[in-house]
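Overview (structure and organization)
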Amino acid sequence: MLLRTGLALLAGAALAQAYEPIGLAVLLPLGVAGFVLVLHGLPARRAWLPGLAFGIGFQFVLLFWMRVVGYDAWLALAALQAAFFGPLGAAVPWLQRLRLGPVWVATAWVAVESIRSTWPLSGMPWGRLAFATAGTPWQEALPYVGMTLVSFLLALLGALLARLVTDRDTRGRSLLALAAVGAVSLLPALVPYEPTVVDHRRVAVVQGDVPGDGTNVLLDHRAVTRNHVEATEAFAQRIEDGEEPRPDFVIWPENSTAVDPFADAEVGSGIERASAALEVPLLVGAMVDAGTEHVLNQSIVWASETGAGDRYSKRHPVPFGEYIPWRGLFDTNIGRLALIPRDMMSGTRVTPLTVDGARVSAAICFDVAYDDGIHDQVNEGGQLVTVQTSNALFVHTNQIEQQFEISRLRALETGRYVAVAAINGVSGIIAPDGTVLERAGIRTQSVLTAEVGLVDDITPGVRLRQWPGRVAVGVTLVALAWSALTYRRRRMKEATT
């Protein structure tokens, strides 16, 4: 048992290498296969331990970038995410008893992905199998089936690989099934999804950078705003000099203004000056007061003549980072909790913003990792996706590259251009096929510009919304119940003979 647990730990750590910065995507099915193999032959009452060890190896390595918040934060988040793999490990022996066992194991894998991506406290989607497919043939399936079903195909490949190793009697059938699923998972690469562009806009993305070591926006937030104003004004001057084409609108990142621009005259006038210099709408990332106890993290359409207009509020604030759940239970005057005097409220908007006549599906920071916000807005007519993010705290870690890869995958899944504005990295403009058209260097002050297409088509993967994950949870519960029932009936029959 000790050997199995150790191997499970190593298999989980190996799976984490499928993600940036290593990005060895072949480890996706191999990691799942390793998970199933270390559980082979174990009863459910013992399988939870290697399952948990796999989760520890996977999540503690994948989320190591959380250490910059604090080692306690890293340990707490990674431990919570790892804990989901204990019940998954206990479920695998029950599911393997059923006919088509690998199918039910893969279904349970994505069921757990879906649960931990939404619960508790809105969950943490990092580590979905689909999030490591950028640049692989598997990415081409995203517009057709979405993130959850791509994860399912990869998990099924892994479960079939494990069956091929462990079951000699069905090895021929397992090999055929593996070949068939592999072919299905790669088939979209032969017929890549091609969205229909109905119009074009030229967008500009401003990355203003953060003073000092680049990690602390709040240390000198006014300098951060000045950086964005100055970079925008310099860009406007290049436009006037004929060195740059005029964009249709410009995007600033999250936390480009860390105080309320409606209450702070200096910040407000800086935005107005930048907008006036451009003579086009500016999409500003701003913290806006919502009374004395709450704050909103917003994307605000700021027009050069009329000022602030349409707004999107961050849908998934970070618990214990942007708000304190059950605030009354904690002493909020100590440690990092003292840095959160007000709770960030969750946005509820499901319709896209309107910017220069284009319908823009907005996401702020970690929103890009969640399906609901982007799916809702694209289904409501969003033609272009914008991701405004700070990530300054993580600028020296793997997190920024992992998040940028998720943005690339959202471009593929939605069939839309994606413009990413980061405060000091990684900013970029991405085509619907995942190609990075423009990318700014990390810790640089840059302005990126490109002509992007507006798309009305809605991909099948987006039309599915979150239903594949919900169905996976229901099917897994039914499969476990059926396995338990048939096992009990068999035991009762054996007892009477």
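Nothing here was measured: the structure is a model prediction, and the numbers come from that model. (Residues numbered from 1 in each chain as written. Predicted model: local features only at pLDDT ≥ 70, side-chain atom pairs only at ≥ 80, totals over all residues. Heavy atoms only, no water.)

Some thoughts on the pairing of strand β5 (residues 307–313)
- Across five bridges, strand β4 (residues 294–303) lies against β5 in antiparallel orientation. Directly across from tryptophan 302, in β5, lies its bridge partner alanine 308.
- Linking β4 to β5, which pair antiparallel, is a turn of three residues. (Pairing = 2+ DSSP bridges. Helix = DSSP H or I, 4+ residues; strand = E, 2+ residues; numbered from the N terminus.)

What to know about unusual backbone geometry
- With an omega of 15°, the peptide bond running from glutamate 20 to proline 21 counts as cis.
- Relative to the helices and strands, proline 21 is located in the loop between α1 (2–16) and α2 (27–39).
- Going from tryptophan 119 to proline 120, the amide bond is cis rather than trans, its omega being -5°.
- Its place among the elements puts proline 120 in the loop between α6 (101–116) and α7 (142–166).
- A positive phi angle, near 65°, is found at glutamate 279, a position not held by glycine.
- Inspection of the secondary structure assignment puts glutamate 279 in the loop between α10 (265–278) and β3 (282–289).

Let's talk about the sheet that holds strand β7 (residues 353–355)
- Pairing is mixed across the open sheet formed by six strands, whose spatial order is β7-β8-β9-β10-β11-β12. Strands with a single pairing partner mark the edges of an open sheet, and in this sheet they are β7 and β12 (436–439). Geometrically, the sheet is characterised by an average inter-axis angle of 25° between neighbouring strands, direction not taken into account. (Axes fitted to C-alpha atoms, helices over the stretch in contact; angles between N-to-C directions.)

With respect to the packing of aromatic side chains
- One pass over the full model with this rule turns up 19 aromatic pairs.
- With a centroid separation of 5.6 Å and an interplanar angle of 80°, the aromatic rings of phenylalanine 35 and tryptophan 109 are classed as edge-to-face. Pair noted here: phenylalanine 35 is in helix α2 and tryptophan 109 is in helix α6, with a separation of 74 residues, a long-range link.
- In this structure phenylalanine 35 comes out as buried when scored by relative accessible area, which is 1%.
- Classification of tryptophan 109 as buried rests on a relative accessible area of 4%.
- Measuring from centroid to centroid gives 6.3 Å for phenylalanine 84 and tryptophan 119, while their planes differ by 85°, and the two rings are edge-to-face. Highlighted residues: phenylalanine 84 in the loop between α4 (71–83) and α5 (85–96) and tryptophan 119 in the loop between α6 and α7, separated in sequence by 35 residues.
- Phenylalanine 84 gets classed as buried once you look at its relative accessible area, which sits at 13%.
- By way of ring pairs, the aromatic residues Tyr19, Phe35, Phe54, Phe58, Phe85 and Trp109 are connected into one cluster. (Phe/Tyr/Trp six-rings, centres within 6.5 Å; stacked < 30°, edge-to-face > 60°. Buried < 20%, exposed > 50% of the residue type's maximum accessible area, 1.4 Å probe, protein only.)

Some remarks on helix α14 (residues 467–495)
- Over its 29 residues, α14 extends 42 Å from the first C-alpha to the last, a length consistent with the 42 Å expected when each residue adds 1.5 Å.
- Looking at α14, one finds that the buried residues are Pro468, Gly469, Ala472, Thr476, Ala479 and Ser483. (Expected span 1.5 Å × (residues − 1).)

Considerations on the pairing of strand β8 (residues 358–364)
- Of all the seven residues making up β8, six are buried; the element is thus mostly covered by neighbouring parts of the structure.
- Where β7 and β8 come together, three bridges link them in antiparallel fashion. Following the sheet pairing, leucine 353 is matched in β8 by valine 360.
- From the end of β7 to the start of β8, which pair antiparallel, there are two residues, and aspartate 356 there has a positive phi angle of about 55°.
- Where β8 and strand β9 (residues 384–389) come together, five bridges link them in parallel fashion. Bridge assignment links valine 360 to a residue of β9, and that residue is leucine 384.
- For the handedness criterion, the β-α-β arrangement of β8, helix α11 (residues 371–379) and β9 is classed as right-handed. (Right-handed = clockwise from strand over helix to strand, strands pointing away.)

A word on a nonpolar patch on the surface
- Taken together, the side chains of Ile22, Leu24, Val26 and Leu30 make up a nonpolar region of the molecular surface, amounting to roughly 360 Å² of accessible area.
- In this fold, leucine 24 is placed in the loop between α1 and α2.
- Owing to a relative accessible area of 44%, leucine 24 belongs among the partly exposed residues under this scheme. (Patch = residues over 30% accessible without salt bridge, like charges linked within 9 Å, V, L, I, M, F, W, Y side chains within 5 Å. Areas by Shrake-Rupley, 256 points an atom, 1.4 Å probe, with all protein chains shown as cover. Salt bridge = Lys/Arg side-chain N within 4 Å of Asp/Glu carboxyl O.)

Observations concerning the packing of α5 against α14
- Contact pair α5 / α14: the axes reach a minimum separation of 9 Å and the direction vectors enclose 60°. The orientation of α5 with respect to α14, classified from their angle, is oblique. In the packing of α5 onto α14, the handedness of the crossing is left-handed. Here α5 contributes Ala91, Trp94 and Leu95 to the contact with α14, which in turn contributes Ala479, Leu480, Ser483, Ala484 and Tyr487.
- Classifying every residue of the contact of α5 with α14 gives seven nonpolar, one polar and no charged. (Parallel < 35°, antiparallel > 145°, perpendicular 65-115°, else oblique. Left-handed = near helix turned anticlockwise from the far one by under 90°. Contact = heavy atoms within 4.5 Å. Nonpolar A, V, L, I, M, F, W, Y, C, P; charged D, E, K, R; others polar.)

With respect to the environment of proline 93
- Here proline 93 lies in helix α5.
- A relative accessible area of 10% means that proline 93 is categorised as buried.
- When sequence neighbours within four positions are dropped, the list of residues in contact with proline 93 reads Leu42, Pro43, Ala44 and Ala47.

So, the nonpolar core
- Ranked by internal contacts, the top residues of the largest apolar core, which has 117 residues, are Tyr19, Leu28, Phe54, Trp109, Trp126 and Leu129.
- A total of 13 residues in this core trace back to one element, the largest contributor, which is α7.
- With sequence-adjacent residues up to four places away left out, tryptophan 109 is seen in contact with Leu15, Val32, Phe35, Phe54, Phe85, Leu88, Leu129 and Ala155.
- Judged by nonpolar contacts, the second largest core, of 21 residues, contains Val267, Val280, Leu282 and Ala286. (Core = buried A, V, L, I, M, F, W, Y, C linked by side-chain atoms within 4.5 Å.)

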